[in-house]
Amino acid sequence: MASTQAVQAMACHVGGRSRLLSFRRGSMAGSSLGRAAVRSDAGVDAFARGVGEITAQEGQRGRGRGGGRGGGRGGRGGRGRGGRGGRGGRFRLRQSSDGKSHLGTTLRYQDNKPFPDSPPSTSPAYPDTLTSPLDDDAPGGLVDDAPIKFLPLGGLGEIGMNCALVGTENRYVLLDAGLMFPDHEELGIQKVLPDVSFLARWRDKVEAVLITHGHEDHIGALPWVIPALDPNTPVYAGLFTMQLIQRRMKEFNLWGDGSRFKVIDMGERFAAGPFEMEAVRVTHSIPDCCGLIFRCAAGTVVHTGDWKIDENPVDGLNFDREQFERVGKEGVTLMMSDSTNVLSPGRTISESLIRDSMVQKVLGHNGRIITTQFASNIHRLYGVKAAADASGRKIAFVGMSLNTYLEAAKKAGIHPIDPDELVPAEEIENVNPNELIIVTTGSQGEDRAQLAQAAFGGSRLLTLQPDDLLLYSAKMIPGNEKRVMRMMNAIAARGPQIAMKREDGLHSSGHAYRDELEEILKMLNPEHFLPVHGEYAFLKEHELLARECGVSHSTVIGNGQMLGVTPLRNGRSHGTLGNLHLLGEARLQTMFNDGGKGSGTSEDLAIEERMRIATEGIVVVDLEVFDNPPQMTENDADADAERPPGPRGRGGGNMTARARVTSRSMWTDEGRMLAKIRDAAERSVEALESGARLSAVERTCASAVRFEARSYSGKRPDVIVVAHRGQGSPSDRARLDNAMSTAGGGVPGDDRGGGMVGASGTKYRPRQARRDTAPRNVRPLRGPGSARGDGGGGARHMRRDTEYQ
């Protein structure tokens, strides 16, 4: 009754029941597929504020004590410190973009990207595993074009960046929009993104976006994907997931009025593009996860999402076996499933066992408890809450992301801990250590995370004590092992005890192990199987497992490859190209973001150049050049006197130069190498005639500097040369004129020799009277067909200044 009253009150709040149900059910008003569902009072109340809309309180820092203890401490310019895990505190939503500035160049690469949705005119030369031989006696007509199509934009052959198009009848929906975190070779990069320019080019084909859950590898790319799509394209997700999406969209100024973002219920059927959709509840390491069932005239497609089978989940929301069994009996044309843990035998551990282990650890320790976990793992907080209740301890959060996920859980009505009951992070030192559990971020050793800072004594909120017990309730992600162990060594050196062994039972994977994968394969018994979400070796092993389970039609594809699926007829193939075949391959480009407004391709963000500078170093040369008049003999003067009046060229003399050199990330042999490079830079212009373009000067100097650096140190640094013409004082001009006359280019027969002396004191060898002044075999460091720098001065040859042309 209370929930019904809340729904009615909410209908009045938003201006009518029909509008409420349209937004609530995530489908068009009046749709026969939708069902009105009533959530708990907490969830309804959150939704009445507009799908967990960030309130005015959330846009403010705590001032005074009006928001509880977390809203206090309003000093320091009135900014307060209430947002850091205090009772009643809220966070200021940081604006990262105006809605467009974060896109960079990601949407500019739309040319020459055809859509690979048509079968080739002749039989493709693809591996045999992608085709099956035609049965001559197959009943019925042959199918020329596959009625079901799948195009992965990411997530196959890698962990992360899950994003794919699923379609029929030339109409598609986008399944997830995730990012991937960079590896060590992508210096300065924070996010790896799918090719959103491809989506922008074919936005007319994408009719909806479907999100399976709220992990970054499934929603992290939405700030780049949403601007690439039509403004009216709807986005469907569960309530908790939508809280996370809403916060991210508001951060990038992309939420608008929120009408395109639609919440779906588990088990609810709704229309999305060409499909009748149904969400199936699965268990994972974050709440509100679902598998998706795509129904169309051609058949049924099942995508499991990220999942495991938790037999005793801490939130009481079980893996929906009944729904999977029902669709398996209906018949599944294509099944796609998570392959992350296919190499792990057995079954995953239930989260309830992790809760019990955590309670035992806390009860057995006298002193402060510190636990670290993935911030998104709301289920793990049930264990923290149970341990705190059993031991009479209070809970404090140290780390902003923990509060972000807990606030989203509260708005969805699924929070295991009341944010208002948390001890403010600023007050943890004032609490008896035997009465406190601290939950902190930094399980992967991230430099800016609180646990990593505390390990090296750099956190202002958390100071480690010898009698602390650290519960490592997470898993080291491959690639982070060294960073995590360095952090753990630093923590151990400060005295705290660390519990992180497998036997401690403090972590369970959110991805199904082999026995669970086998169970679902047999339960659904699909006609065709496609493994997704995993490294290529994982995909191949999952394919073999499917064949062991009796699925005879399975294959492995890569990102950008369009797979066509033709349903079997009477259990037999009846397509002209077989029942599984490739239709083509999209020309995809991986996009990157540097954590700010720098977004684009690897060339736009100079990723190779970053790595080269990090390993080879960089040399910067400031080159001041002087144009010198030609030194004429008596015969030259007579010939010049007989020349008719008129304009004359600038050339004839030779250039001299004065250089300043610096370097970064290089061994310089206590400056000796820089002196050699400076001499080489000054000598390099001797062969150029006066009046030579500065672009030619820079290229010539850069070539000489690269050669000298490699000869001295064996390195190939990036070289930047900035050339400019010097004016010089009359005394300087006289000195340079005298130097020119002694450098071999003056009066024939002049045997003073010795060469000129540059402004830096460099003694030059005598120059030949005549030299070929045209630079040969010189190319810019950066340009078409080259991954290097530009030889100095950027694309100066493209500027209008005639000095560079």
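Residues numbered from 1 in each chain as written. Predicted model: local features only at pLDDT ≥ 70, side-chain atom pairs only at ≥ 80, totals over all residues. Heavy atoms only, no water.

A.B. asks: Help me out: how do you make sense of the overall build of the protein in this one?
C.D. replies: Across its full length, the protein holds 20 helices and 28 strands. Across the protein, contacts joining residues at least 24 apart in sequence account for 75% of those joining residues at least 6 apart. (Helix = DSSP H or I, 4+ residues; strand = E, 2+ residues; numbered from the N terminus. Contact = heavy atoms within 4.5 Å.)

A.B. asks: In this structure, what is going on with the sheet that holds strand β16 (residues 469-472)? I would like to understand it.
C.D. replies: To summarise the sheet geometry, strands pair through backbone hydrogen bonds and adopt either a parallel or an antiparallel arrangement. Taken in spatial order, the 5 strands of this open sheet run β14-β15-β13-β16-β17, and their pairing is parallel. Two strands bound the open sheet, and with one partner strand each, they are β14 (394-398) and β17 (497-499). Ignoring strand direction, the axes of neighbouring strands in this sheet form an average angle of 20 degrees. Two elements, strand β13 (residues 369-372) and β16, share 4 bridges in a ladder whose sense is parallel. Residue T371 lies in a different strand from β16, and its bridge partner there is L471. In the packing of helix α9 (residues 351-363) onto the sheet, the strands contacted are β13, β15 (436-440) and β16, and the crossing angle to β16 comes to about 170 degrees. Sheet strands in contact with helix α13 (residues 481-493) are β16 and β17, and its direction is about 165 degrees off that of β16. (Pairing = 2+ DSSP bridges. Axes fitted to C-alpha atoms, helices over the stretch in contact; angles between N-to-C directions.)

A.B. asks: Even after reading the chapter, I still don't get helix α11 (residues 400-411), so can you show me in this structure?
C.D. replies: At 3.6 residues per turn, the α-helix brings residues three or four places apart onto the same side. The terminal C-alpha atoms of α11, which comprises 12 residues, lie 17 Å apart, in line with the 16 Å expected from a rise of 1.5 Å per residue. Along α11, 9 of the 12 residues are buried, which leaves the element largely enclosed by surrounding structure. Within the span of α11, buried status applies to L402, N403, T404, Y405, L406, E407, A408, A409 and K411. Immediately downstream of α11, the backbone of G413 shows phi near 75 degrees, a positive value. (Expected span 1.5 Å × (residues − 1). Buried < 20%, exposed > 50% of the residue type's maximum accessible area, 1.4 Å probe, protein only.)

A.B. asks: Help me understand the nonpolar core, please; the structure alone is not making it clear to me.
C.D. replies: Ranked by size, the top nonpolar core spans 96 residues in total, and within it L165, L174, L199, F240, I245 and F397 carry the most contacts. Broken down by element, the residue count for this core peaks at 6 residues, all from helix α7 (residues 239-251). Setting aside residues no more than four positions away along its own chain, I245 makes contact with I211, I219, L222, A237 and F261. Ranked by size, the runner-up nonpolar core spans 32 residues in total, among them V301, L539, I557 and L563. (Core = buried A, V, L, I, M, F, W, Y, C linked by side-chain atoms within 4.5 Å.)

A.B. asks: Explain the packing of α9 against helix α10 (residues 378-391) here, please?
C.D. replies: The geometry of a pair of packed helices is captured by two quantities: the angle between their axes and the separation between those axes. One way to put it is that α9 packs onto α10 with a least axis distance of 8 Å and a crossing angle of 35 degrees. α10 is crossed by α9, and the crossing has right-handed handedness. Within the contact between the two elements, α9 uses E351, I354, R355, M358, V359, V362 and L363 and α10 uses H379, R380, Y382, G383, V384, A386, A387, A390 and S391. A breakdown of the residues in the contact of α9 with α10 according to their chemical character gives 10 nonpolar, 3 polar and 3 charged. (Left-handed = near helix turned anticlockwise from the far one by under 90°. Nonpolar A, V, L, I, M, F, W, Y, C, P; charged D, E, K, R; others polar.)

A.B. asks: Sorry, what's going on with the packing of aromatic side chains here?
C.D. replies: The geometry of two aromatic rings is summed up by the distance between their centres and the angle between their planes. Summed over the entire model, instances satisfying the criterion amount to 10 aromatic pairs. Considering the side-chain rings of F115 and F198, the 5.8 Å spacing of their centres and the 15 degrees angle between planes classify their relative orientation as stacked. Note that F115 is positioned in the loop between α3 (41-48) and β1 (148-154) and F198 in helix α4 (residues 196-201), a separation of 83 residues in sequence. In this structure, F115 and F198 share a single accessibility class: buried. Where F275 meets F294, the ring centres are 5.3 Å apart and the plane angle is 80 degrees; that geometry is what we call edge-to-face. Taken together, the residues span a long stretch of sequence, with F275 in strand β9 (residues 275-281) and F294 in strand β10 (residues 290-296) at a distance of 19 residues. Through a chain of ring-to-ring contacts, the aromatic side chains of F115, Y172, F198 and W202 assemble into a single cluster. In this structure, K205 is placed above the aromatic ring of F115, and the distance from its NZ or CZ to the ring centre is 4.8 Å. For R260, the ring lying beneath its charged end belongs to F261, and the centroid distance is 6.0 Å. (Phe/Tyr/Trp six-rings, centres within 6.5 Å; stacked < 30°, edge-to-face > 60°. Lys NZ or Arg CZ within 6 Å of the ring centre and 35° of its normal.)

A.B. asks: Any chance you could explain unusual backbone geometry here in plain terms?
C.D. replies: Excluding glycine, residues mostly have negative phi values, and the peptide bonds linking residues are mostly trans. Even without a glycine there, the phi angle at N253 is positive, about 55 degrees. Mapped onto the elements, N253 comes out in the loop between α7 and β7 (261-263). You will see that S665, though not glycine, has its phi angle at about 60 degrees, which is positive. Assignment of secondary structure puts S665 in the loop between β25 (655-664) and α18 (672-684).

A.B. asks: For this particular structure, what's the right way to read α7?
C.D. replies: Here α7 contains 13 residues, and its C-alpha end-to-end distance of 18 Å stays within 8% of the 18 Å for a straight helix at 1.5 Å per residue. Burial analysis of α7 places 13 of its 13 residues in the buried class, the great majority of the element. Backbone geometry just after α7 places N253 at a positive phi near 55 degrees.

A.B. asks: Looking at this structure, I do not really get the pattern of salt bridges. What am I missing?
C.D. replies: Between side chains of opposite charge, a pair can form as their charged atoms come close. Under the counting rule described, the total for this entry stands at 34 salt bridges. For the salt bridge of R380 with E351, the shortest nitrogen-to-oxygen distance reads 2.4 Å. Placement of R380 in helix α10 and of E351 in helix α9 is noted, with a sequence separation of 29 residues between them. By relative accessible area, R380 is classed as buried at 1%. Across the salt bridge formed by E543 and K540, the nearest N and O atoms sit 3.4 Å from each other. Taken together, the positions of E543 and K540, both in helix α15 (residues 536-548) and 3 residues apart, correspond to about one turn of that helix. (Salt bridge = Lys/Arg side-chain N within 4 Å of Asp/Glu carboxyl O.)

Honestly, it's all geometry; don't read function into it.
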